[in-house]
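Here is what each chain is made of, one letter per residue.
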Amino acid sequence: LPPAMRRLTRIPWLRTGRGVAWFFVFGEIDVRCHLAPRMENGREDLAFVTTYIERVHAFVGGLGATAATVVVPVPPSVDVLDHEAFPVAGSVQARLAAHRAVREQLIAAAALSRGGPFLRTLDLTEALADPAGLMRPEFTDDGCHTNDAGRIVVRREVAAHLH
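What you are looking at is a predicted structure, and each value in this text was computed from that prediction instead of being measured. (Residues numbered from 1 in each chain as written. Predicted model: local features only at pLDDT ≥ 70, side-chain atom pairs only at ≥ 80, totals over all residues. Heavy atoms only, no water.)

1. Quick notes on the overall build of the chain
No. 1: Check the secondary structure of the chain and you find seven helices and three strands.
No. 2: Start at the N end of the chain and walk to the C end: the helices and strands fall as α-α-β-α-α-β-α-β-α-α.
No. 3: Across the 163 residues of the chain, 41% fall into the buried class.
No. 4: Long-range pairs, those at least 24 residues apart, make up 73% of the contacts in the chain with a sequence separation of at least 6.
No. 5: Carbon together with sulfur atoms contributes 57% to the accessible area of the chain, which is approximately 9,000 Å² in total. (Helix = DSSP H or I, 4+ residues; strand = E, 2+ residues; numbered from the N terminus. Buried < 20%, exposed > 50% of the residue type's maximum accessible area, 1.4 Å probe, protein only. Contact = heavy atoms within 4.5 Å. Areas by Shrake-Rupley, 256 points an atom, 1.4 Å probe, with all protein chains shown as cover.)

2. Quick notes on the nonpolar core
In summary, soluble globular proteins display a tendency toward joint burial of nonpolar side chains.
No. 1: Of all hydrophobic cores here, the largest spans 25 residues; its most connected members are Phe-24, Tyr-52, Ile-53 and Leu-106.
No. 2: Listing elements by their share of this core, those giving two or more residues are α3 (28–40), α4 (47–63), β2 (67–71) and α5 (92–112). (Core = buried A, V, L, I, M, F, W, Y, C linked by side-chain atoms within 4.5 Å.)

3. Regarding the sheet that holds β2
No. 1: The sheet built from three strands is open, its strands ordered β1-β2-β3 with parallel pairing. Single-partner strands in this sheet number two, and they are β1 (23–25) and β3 (118–122). The mean angle between the axes of side-by-side strands here comes to 25°, regardless of whether they run parallel or antiparallel.
No. 2: Bridge analysis of β2 against β3 gives five bridges, and the strand direction is parallel. Each residue of the ladder has a partner; that of Val-70, found in β3, is Thr-121.
No. 3: On top of the sheet, helix α7 (residues 148–162) reaches β1, β2 and β3; it is set at about 150° to β3, its chief contact. (Pairing = 2+ DSSP bridges. Axes fitted to C-alpha atoms, helices over the stretch in contact; angles between N-to-C directions.)

None of this, on its own, says anything about what the molecule does.
Written out as structure tokens, the structure is:
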């Protein structure tokens, strides 16, 4: 994890882990910009997902927290704003395949973590996706971030997850 995240472990009230719900979000942009085109070309190994889970587990354990949640990326979208720094890369099919692969790997790796804090996953795919697995258009204005309607769904799912 980035040094800025590791510096958080020095903040006394965070070290107790009490009253803090830790959520770690593997981003849609990682799937769209980096992973989908690599998978499409057969060049990507998903071992990094397990490493990510191990680092989250160690970080949260270092804080003394008893649990944390790893959030599955939001589903991909057909209509994504193409930004110069974060271009739309890979076909829709490649982005769907990358999302499915990361989703499966995150859930499996979190379930295998042992000792220390309990890692859970929050998978918003079913709540945000249409039958094809793509983000429902009414939940996004730019194709990757939830809009007000999407945030209502996310808040509901997070609240249910925490109880």
